[in-house]
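# A structural walkthrough
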There are 2 protein chains.
Amino acid sequence: MKIILDVFGGDYAPSEIVKGAIFALKELNNDVIIVLSGSEEEIRKELSQYEYDKTRIEIINAKDVITNDDIPTLAIKQKKESSIVVALDYLKNNSDAIGLVSAGSTGAVLTGSILKIGRIKGISRPGLAPILPTINNENVMLIDCGANMDSKPIYLAHFALMGSAYMRSVYNIKNPRVALLSVGVEDKKGNELTHEAFKLLKQLPINFVGNMEARDMLSGNYDVVVSDGFMGNVALKSLEGMAENLFKLIKQSITATFARKIGAAILKPALKEIANKMDYKNSGGAVFLGIDKIIVKSHGSSKYKSVAASIKQVLSMHQSDLISNIKDDLSKIDLNIDSAQNN
Amino acid sequence: MKIILDVFGGDYAPSEIVKGAIFALKELNNDVIIVLSGSEEEIRKELSQYEYDKTRIEIINAKDVITNDDIPTLAIKQKKESSIVVALDYLKNNSDAIGLVSAGSTGAVLTGSILKIGRIKGISRPGLAPILPTINNENVMLIDCGANMDSKPIYLAHFALMGSAYMRSVYNIKNPRVALLSVGVEDKKGNELTHEAFKLLKQLPINFVGNMEARDMLSGNYDVVVSDGFMGNVALKSLEGMAENLFKLIKQSITATFARKIGAAILKPALKEIANKMDYKNSGGAVFLGIDKIIVKSHGSSKYKSVAASIKQVLSMHQSDLISNIKDDLSKIDLNIDSAQNN
């Protein structure tokens with residue numbers, strides 16, 4: 001089976017992306033082939049640094065690149081030879097291709113996935129869903145973190161269903177606790193969207209535990225947090241921003257005097273441990289759930305370890321039959337959702 | 001002049017609230033009198049522990065208390081002898097009363113302020129606005145952080161105007177940088193609400209610097225961040241949650257071994273410095289901007305220092321003529337806002 005990797009997306013492309021592929025190969029079974037999409041010449045130059053099993057790397061040449069400055073919908077249509085479009089076409093046309101990883105323009109990956117691959121039948125909108133590490137060493141999926149602005153309640157119901165299927169399938173959690181991002185835990189808290197979504201989530205055959213507050217995102221009390229893309233994005237970036245700020249301040253402060261530098265030397269491993277533990281890039285990328293193939297959007301700042309983690313994530317999703325499971329779940333709730341959608 | 005303090009609100013009422021009043025008295029000029037609202041008996045018991053100028057403390061007896069379990073609109077109407085209602089009535093009826101501080105139920109303080117005191121004429125909705133410390137030792141106001149769900153664009157325009165007036169009046173910032181909370185800095189990023197609000201903010205006579213991302217809330221690049229209450233609440237609680245989590249993890253990790261405990265002992269002051277620096281309760285409470293008197297909502301977990309900071313904040317707002325300044329600004333833009341509101 002083949003996993004496709006867009007080599008020309010992300011801040012550290014192409015070198016860290018290719019390095020990630022080589023790193024992943026070592027940890028994956030021999031039956032996995034990684035297909036690299038991008039300028040063949042540059043990819044070969046990067047590959048020449050490494051020793052690896054040449055039968056397990058394929059290259060599909062793509063002369064062009066879509067950057068963050070491109071307008072995604074236009075770029076997907078016009079830059080037909082860009083690394084991401086070539087990768088998506090390959091994914092679409094090859095039944096042995098199980099999924100795709102890109103650290104490139106989020107807009108291009110999302111738009112391209114919808115245009116080239118399409119949604120799972122019955123899913124109103126796909127949601128972008130990072131997996132965040134919780135403070136008690138578990139994981140929580142936040143869905144959606146930015147693919148959909150101005151969501152309708154039915155989108156959130158589908159996010160809940162897919163998130164629950166993901167944590168059940170990929171993480172083997174029997175009955176994932178699904179919560180709705182709100183401004184308090186009480187049922188009545190929230191806005192028009194969450195009030196309507198709350199009613200739908202209660203109807204789903206999932207373990208819906210009610211509203212939650214953003215402060216408890218990483219508490220370990222939830223397996224899936226459901227949100228509109230705007231609000232999820234605000235939550236995710238606030239968490240990231242605070243973590244970055246605190247580590248910056250700590251770094252400044254603990255090296256401010258000679259005595260503190262000694263303390264800092266002793267505690268460096270402890271602080272590094274925490275930074276690593278809370279860095280969600282280590283556990284893979286954000287899944288674009290609701291597309292009819294496996295799409296993982298690796299963080300733009302991904303280095304080789306994150307790229308390799310995203311590649312392994314594709315394999316886990318494939319092996320756990322995630323997309324089939326979502327389709328099964330969806331077939332069971334069709335009627336309820338449809339009747340509720342008209343409320 | 002008099003500042004009213006609701007003694008029976010907050011996790012540490014009444015003891016820390018009364019202590020906060022005594023602490024504030026020492027730092028304020030002799031012409032400031034603090035009016036304590038609540039059970040006279042209990043207040044006298046608390047006061048008996050302290051030495052203070054008795055001419056500068058007044059008590060207004062209030063037999064009842066509104067808690068977080070009460071429904072705010074009902075409680076304000078029914079619990080007429082609660083400490084917050086008595087305090088608001090006093091504020092309304094006494095011209096020498098310049099403002100009010102409460103650490104009690106946010107819903108009750110907001111609802112009570114609107115019902116008892118009322119909005120500034122021309123303000124569509126008041127906004128709840130905490131002042132957050134930035135990493136470069138400045139401050140940023142986030143308005144609104146939860147008073148209004150499902151805001152209309154015009155609300156955000158008024159938040160922007162009031163926030164700008166606050167930072168100009170109270171913090172002497174000549175031309176406060178006002179930004180709109182969104183999912184990216186580009187003009188087109190955001191949802192329907194932010195797109196419409198963006199157009200209005202551009203028309204205001206303020207220094208509108210465009211969209212901003214939640215990750216940059218505390219960067220020091222902005223003086224005022226404008227947001228719907230749901231999104232502002234999500235941002236604020238995410239920031240709080242991440243800070244709490246990281247400090248918790250650091251505490252665990254740096255005391256895990258004997259060697260680390262030594263490092264921890266050396267670095268304790270540095271870490272405490274940072275925790276203090278980033279604790280926004282130290283610089284006062286959240287202002288309820290848009291009410292025709294000064295209302296400061298101190299954090300529910302406020303101890304005496306936060307209470308005292310909130311009292312001093314009321315005085316700063318009074319001395320800088322904030323409410324007059326807002327009214328002046330409002331009179332200048334009336335026409336523009338009104339025409340835009342109909343878009």
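The structure contained in this document is the topic of the report that follows.

## With respect to the overall build of chain A
- Along its length, chain A carries 11 helices and 12 strands.
- Here the C-alpha atoms of chain A give a radius of gyration of 21 Å, agreeing with the 20 Å that 2.2 N^0.38 yields for 343 residues.
- Projected onto the principal axes, the alpha-carbon positions of chain A cover approximately 60 × 60 × 35 Å.
- By residue count, 59% of the 343 residues in chain A fall in the buried class.
- Summarising the internal contacts of chain A: among those between residues at least 6 apart in sequence, 73% fall at separations of at least 24.
- Carbon and sulfur atoms make up 47% of the accessible area of chain A, which amounts to about 14100 Å² in all.

## Quick notes on the sheet that holds strand β10 (residues 224-226) of chain A
All names here are of chain A.
- Overall, mixed pairing links the five strands, which are arranged β6-β7-β10-β8-β9 in an open sheet. Among the strands making up the open sheet, the edge pair consists of β6 (131-133) and β9 (207-213). Strand-to-strand, the axes of this sheet are offset by a mean angle of 30°, without reference to chain direction.
- Pairing between strand β7 (residues 139-143) and β10: three bridges, direction parallel. Looking at β10, one finds that Met-141 is bridged to Val-224.
- Its contacts with the sheet place helix α6 (residues 153-171) against β6, β7, β8 (177-182) and β10, and it is angled at close to 155° to β7.

## Comments concerning the interface of chain B and chain A
- With 49 residues of chain B at the contact, the number on the chain A side is 49 residues.
- Summing the contributions of chain B and of chain A, the shared interface buries around 4600 Å²; its carbon and sulfur component is 72%.
- Looking at the side of chain B facing chain A, the largest losses of area belong to Arg215(B), Phe230(B) and Met242(B), adding up to 15% of the total buried there.
- Inspection of the region where chain B meets chain A yields eight salt bridges.
- With a shortest N-O distance of 2.6 Å, Glu240(B) and Arg215(A) are connected by a salt bridge.
- Here chain B is connected to chain A by 10 residue pairs in polar contact (both at pLDDT 80 or more).
- Elements supplying a minimum of two residues to the side of chain B that touches chain A: β8 (177-182), α7 (192-203), α8 (229-253) and α9 (258-278) of chain B.
- It is α8(B) that provides the largest number of residues to the side of chain B that touches chain A, a total of 20 residues.
- When the residues that make up the side of chain B that touches chain A are grouped by side-chain class, the tally is 28 nonpolar, 10 polar and 11 charged.

## Regarding the pairing of β9(A)
All names here are of chain A.
- Here β9 lies mainly inside the structure; five of its seven residues are buried.
- As defined by bridge partners, β8 adjoins β9 across six bridges and the pair is classed as parallel. Opposite Val-178, over in β9, you have Phe-208 as the bridge partner.
- Traced from β8 through helix α7 (residues 192-203) to β9, the parallel crossover comes out right-handed.

## As for the pattern of salt bridges
- Tallying each qualifying case throughout the model produces 36 salt bridges over all chains.
- Lys237(A) serves as the salt-bridge partner of Glu213(B), at 2.3 Å between the closest nitrogen and oxygen. Placement of the pair is Glu213(B) in strand β9 (residues 207-213) and Lys237(A) in helix α8 (residues 229-254), with the two residues belonging to separate chains. As far as the burial class goes, Glu213(B) and Lys237(A) line up, both buried.
- One salt-bridge network, in which partners are shared between bridges, spans Glu213(A), Arg215(A), Lys237(B), Glu240(B) and Glu244(B).

## A word on the side chain of Asn148(A)
Residue and element names in this part refer to chain A.
- Its place among the elements puts Asn-148 in the loop between β7 and α6.
- Reaching out from Asn-148, the side chain makes a polar contact with the backbone oxygen of Pro-126 at a distance of 2.8 Å.
- The residues touching Asn-148, leaving out its near neighbours within four places in the chain, are Arg-125, Pro-126, Gly-127, Tyr-155, Phe-159, Asp-228, Gly-229 and Phe-230.

## Examining the packing of aromatic side chains
Residue and element names in this part refer to chain B.
- Enumeration according to the criterion identifies six aromatic pairs over all chains in this entry.
- Geometrically, the ring pair formed by Tyr-166 and Tyr-171 is tilted, given 6.2 Å between the ring centres and 45° between the ring planes.
- Note on Tyr-166: relative accessible area 1%, which makes it buried.
- On the basis of an interplanar angle of 75° and a centroid distance of 5.1 Å, the ring pair of Phe-198 and Phe-208 is categorised as edge-to-face.

## As for helix α9 (residues 258-278) of chain A
- With 21 residues, α9(A) should reach 30 Å at 1.5 Å per residue; the first-to-last C-alpha distance of 29 Å fits that figure.
- Residue Leu267(A) marks the point of greatest curvature in α9(A), where the axis turns by about 55°; the proline Pro269(A) follows within four residues.
- Taken residue by residue, α9(A) has Arg260(A), Gly263(A), Ala264(A), Leu267(A), Ala270(A), Leu271(A), Ile274(A) and Met278(A) as its buried positions.
- Buried-residue contacts for α9(A) involve β6 and α8 of chain A together with α8 and α9 of chain B.

## Section: the environment of Leu110(B)
Residues and elements named next belong to chain B.
- Relative to the helices and strands, Leu-110 resides in helix α5 (residues 106-117).
- Taking the C-alpha atoms as reference points, Leu-110 and Pro-72, 38 residues apart in sequence, are found 8.5 Å from one another.
- Among all residues touching Leu-110, those that are not within four sequence positions of it are Leu-128, Ala-147 and Phe-288.

## As for the nonpolar core
- With 118 residues, the main nonpolar core has Ile4(A), Leu132(A), Met217(A), Ile4(B), Leu132(B) and Met217(B) as its most contacted residues.
- In terms of residue count, α8(A) provides more of this core than any other element does, 12 residues in total.
- Look past the residues within four positions of Ile4(A) in its chain and what remains in contact with it is Val35(A), Ile60(A), Ala87(A), Tyr90(A), Leu91(A), Ala97(A), Gly99(A), Leu100(A) and Val101(A).

## Topic: the packing of helix α4 (residues 83-93) of chain B against α5(B)
All names here are of chain B.
- For the pair α4 and α5, the least separation of the axes is 10 Å and the interaxial angle reads 35°. α5 is crossed by α4, and the crossing has right-handed handedness. In this structure, α4 uses Ile-84, Val-85, Leu-88, Asp-89, Leu-91 and Lys-92 to contact α5, whose residues at the interface are Val-109, Gly-112, Ser-113, Lys-116 and Ile-117.
- In the contact of α4 with α5, the residues fall into six nonpolar, two polar and three charged.

## Let's talk about the relation of the copies chain B and chain A
- The transform that puts chain B on chain A rotates by 180° and translates by 0.0 Å along the axis, for an RMSD of 0.0 Å. Taken together, the rotation and translation describe the operation of a two-fold axis. Among all residues of chain B, the one whose C-alpha sits closest to the rotation axis is Gly263(B), at a distance of 2.0 Å.
- Most of the interface of chain B is mirrored in chain A, where 100% of its interface residues are also at the interface.

The rules behind the values
- Residues numbered from 1 in each chain as written.
- Chains lettered and ligands numbered in written order.
- Predicted model: local features only at pLDDT ≥ 70, side-chain atom pairs only at ≥ 80, totals over all residues.
- Heavy atoms only, no water.
- Helix = DSSP H or I, 4+ residues; strand = E, 2+ residues; numbered from the N terminus.
- Rg over C-alpha atoms; globule rule 2.2 N^0.38 Å.
- Buried < 20%, exposed > 50% of the residue type's maximum accessible area, 1.4 Å probe, protein only.
- Contact = heavy atoms within 4.5 Å.
- Areas by Shrake-Rupley, 256 points an atom, 1.4 Å probe, with all protein chains shown as cover.
- Pairing = 2+ DSSP bridges.
- Axes fitted to C-alpha atoms, helices over the stretch in contact; angles between N-to-C directions.
- Buried area = accessible area lost by both parts, 1.4 Å probe.
- Salt bridge = Lys/Arg side-chain N within 4 Å of Asp/Glu carboxyl O.
- Polar contact = N/O pair within 3.5 Å; in protein donor to acceptor, adjacent residues only side chain to side chain.
- Nonpolar A, V, L, I, M, F, W, Y, C, P; charged D, E, K, R; others polar.
- Right-handed = clockwise from strand over helix to strand, strands pointing away.
- Phe/Tyr/Trp six-rings, centres within 6.5 Å; stacked < 30°, edge-to-face > 60°.
- Expected span 1.5 Å × (residues − 1).
- Bend = angle between axes of the 7 residues up to and from the residue.
- Core = buried A, V, L, I, M, F, W, Y, C linked by side-chain atoms within 4.5 Å.
- Left-handed = near helix turned anticlockwise from the far one by under 90°.
- Least-squares fit on C-alpha atoms with pLDDT ≥ 70 in both.

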